[in-house]
Structures are given as structure tokens and as C-alpha cells.
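# Coordinate analysis (summary)
If you want the building blocks of each chain, they are given just below.
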Amino acid sequence: MNKILMVLTSHDQLGNSGAKTGFWLEEFAAPYYAFKDAGAAITLASPLGGQPPLDPKSDDAASQTESTERFKADPAAQALLASTHKLSAVNADEFDAVFYPGGHGPLWDLAEDATSIALIEAMLAAGKPVVAVCHAPAVLRHPKTVDGKSVVHGKSVTGFTNTEEAAVGLTSVVPFLVEDMLKANGGHYSKGADWQPYVLTDGLLITGQNPASSEPAAKALLDKLGALSR
């Protein structure tokens, strides 16, 4: 049985805009059920533990999917989400892979979180996959390889595009743009059409561009774990 750690943001303030943010519901729900339906053991964690903040825009009618509706009818999954482990109490050795759902929250906390940075470095050094979707590739901003380079250096990666950020009107609100950061760190950044599924796998790194990429990214991880176990 694959043991997958899902790490969610604890940050709920959208910069100085006065608006709320957090994790994006589809980017949690779709991978969660992909893993669950594949028989994986799922552990949830966040920097502060407990209930992670939900981006309210991800809960509006236009953002609902089959996976989000399934989550809303699943008290067991809701209870699990309400009681995430504190990230600092999590041991990388106990998991086969880590998956980071997006939402704007990770730009502020997980991107700079020393525990998350160490977790990513430990997972990759141990030959275990790291997956990040939409804004969550922000978590790859600071982790380094054993030779001191960015973990995205020379890697094919994607993440929320500058044009998608402009479309939601938050270019001047976010602390940095995911696309620009990945390029600045030496990543071979590429993207598909805005809002369409686009996922890249390069070695142990799997990245997805946007909410529509969350389920394909989860399936890419399951494929990678299958390949690693053979």
C-alpha cells in the first residue's frame, strides 16, 4: 500500500487585499479521491495542524466538480481534513510520496516554511516523488539538491501561469509569480493553454499547471509509484 502525504497551507490572508485565501478545494479533493480509490493510505498535514483554511472562491458554484461534490457528501474525509497533523510532527521516512495542493495560501507559508523545505529535500534525496499543483510549485522555491542547486534546476516544470494570475487579477497581490520563480531557479518551464490540464513529470518531480491539472497530476504520481515499485 502506497503511503502518500498531502500537505496543505495554513495561510488565509490574500496579501494586503483584505480578502481570504487558503487551499483550493478541487486541488485537494480530486487527488484525495484518486489516491483513496487506488487504495493508498493518505495522511494530511499543514504548518499549523487542524483545519486548513479553504479559499472561498474554490467553494463557489462555478468551481464545483464531481470530486468537490463527493467531498461535501463525505463526513469521514471532512473529519480528516479538519484534523490535519502538524507538519513539524511528520516524518518523511514514513511516506512514499508527498503531494501539495495549491490555492494562493502556499505562496505565503509553505514556500518559506523550513519544515516543508526540509521535507522536500529529504523526499527527493530518498528517491521519493514530490508533486505540486497550480500555486503549490511555490514550495519548490527554496529546496536544494545535495549539490546545492535548486531542485527545479534543469527540470521540466510547470505551475500557475503569469497569464492565469493576471486573469484572476492578483499579479500585484501575490508575493511572487510561480512561473517567474520556476524560471529564475533554472527550471525548464512550459505551459499549456490557460485553465486546461497540463502536467509534467521529470524524474521525481511532478508539477501541474492549474486546478484542472490536479487529478491528472495525482494519476501521474500513482503511475510513478507503480514504476518505482517494479
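Here, every reference points to the structure presented above.
Remember, predicted model here, so these are calculated numbers, not experimental data. (Residues numbered from 1 in each chain as written. Predicted model: local features only at pLDDT ≥ 70, side-chain atom pairs only at ≥ 80, totals over all residues. Heavy atoms only, no water.)

## Some remarks on the overall build of the protein
Our working rule: Helix and strand definitions here come from DSSP, where helices need a minimum of 4 consecutive H or I residues and strands a minimum of 2 consecutive E residues; each element is numbered from the N-terminal end. Within these notes, the globule rule equals 2.2 Å times the number of residues to the 0.38 power, and the radius of gyration is based on C-alpha atoms. Only heavy atoms enter the contact rule, under which two residues are in contact if any of them lie within 4.5 Å.
Of the regular secondary structure elements, the protein holds seven helices and nine strands. In summary, the protein has a C-alpha radius of gyration of 16 Å against a globular reference of 17 Å for 230 residues, a match within 12%. For the C-alpha atoms alone, the extent of the protein along its principal axes is close to 40 × 40 × 30 Å. Relative to all contacts within the protein whose residues are 6 or more apart in sequence, the contacts with residues 24 or more apart total 76%.

## Brief notes about the layout of surface pockets
Stated formally: Two kinds of site are reported from a 1 Å grid over the protein atoms alone, namely cavities, where a 1.4 Å probe fits but cannot get out, and pockets, open sets with protein on both sides within 12 Å along at least five of seven lines, and residues are called lining when an atom falls within 4 Å of a point. Grid points are joined across faces, edges and corners, and a volume is the space filled by probe spheres set on the points. In the scheme used here, Gly and all other residues not listed as nonpolar or charged are polar, with Ala, Val, Leu, Ile, Met, Phe, Trp, Tyr, Cys and Pro taken as nonpolar and Asp, Glu, Lys and Arg as charged.
Computed from the structure, the largest pocket encloses a volume of approximately 430 Å³. Looking at the largest pocket, it is lined by 22 residues, and the ones nearest its centre are Trp-24, Phe-160, Val-168, Trp-195 and Pro-211. Per-class residue counts for the lining of the largest pocket are 11 nonpolar, six polar and five charged. Considered as a void within the structure, the second largest pocket measures approximately 230 Å³ in volume. Forming the boundary of the second largest pocket are 14 residues, of which Leu-124, Ala-125, Thr-145, Val-151 and Lys-155 lie nearest the centre. Per-element tally for the lining of the second largest pocket: the top contributor is helix α4 (residues 114-125), with three residues. Here the lining of the second largest pocket is built from residues that sort into six nonpolar, three polar and five charged.

## What about helix α7 (residues 214-229)?
For an α-helix, 3.6 residues make a turn, and residues three or four places apart therefore share a direction. Threshold: A helix is expected to reach a length of 1.5 Å times the quantity of its residues less one.
For α7, built from 16 residues, the straight-helix expectation of 22 Å at 1.5 Å per residue is met to within 8% by its first-to-last C-alpha distance of 23 Å. In this structure, the buried side of α7 is in contact with β1 (3-7), α1 (25-37), β4 (97-100), β5 (130-133), β8 (199-202) and β9 (205-208).

## Structural notes on the packing of aromatic side chains
To keep it simple, the criterion reads: Ring pairs are drawn from Phe, Tyr and Trp, using the six-membered ring of Trp, whenever the two centres fall within 6.5 Å, and their geometry is named by plane angle: stacked under 30 degrees, edge-to-face over 60, tilted for the rest. Any residue under 20% of the maximum accessible area for its type is buried, any over 50% is exposed, and the rest in between are partly exposed; the area is computed with a 1.4 Å probe on protein chains only. Geometrically, a lysine NZ or arginine CZ counts as sitting over a ring once it is within 6 Å of the ring centre and also within 35 degrees of the ring normal.
Under the definition given, this model contains six aromatic pairs. Seen from their ring centres, Phe-23 and Phe-28 are 6.0 Å apart, and the 75 degrees between their planes marks the pair as edge-to-face. Accessibility classification places Phe-23 together with Phe-28 in one group, the buried group. Each ring, one from Phe-35 and one from Phe-99, has its centre 5.5 Å from the other, and the planes form 75 degrees; the classification is edge-to-face. Here Phe-35 is found in helix α1, whereas its partner Phe-99 is found in strand β4, with 64 residues between them in sequence. The residues Phe-35 and Phe-99 share a single accessibility class, namely buried. Of the aromatic side chains, those joined through ring pairs into one cluster are Phe-23, Phe-28, Tyr-32, Tyr-33 and Phe-71. The residue whose ring lies beneath Arg-141 is Phe-176, and the NZ or CZ to ring-centre distance is 4.1 Å.

## Focus: the sheet that holds strand β3 (residues 85-86)
Filter applied, for reference: By the convention used here, strands pair only if DSSP detects at least 2 bridges between them. Orientation is described by lines fitted to C-alpha atoms, with helices fitted over the stretch in contact, and by angles between N-to-C directions that extend from 0 to 180 degrees.
Taken together, seven strands build an open sheet; the order of strands is β3-β2-β1-β4-β5-β9-β8 and the sheet is mixed. Strands with a single pairing partner mark the edges of an open sheet, and in this sheet they are β3 and β8. Pairing geometry for β8 and β9, over four bridges, is antiparallel. In the strand pairing of β9, Val-199 is matched with Gly-208. Each of β1, β4, β5, β8 and β9 is contacted by α7, which is oriented at about 175 degrees to β4, the strand it contacts most.

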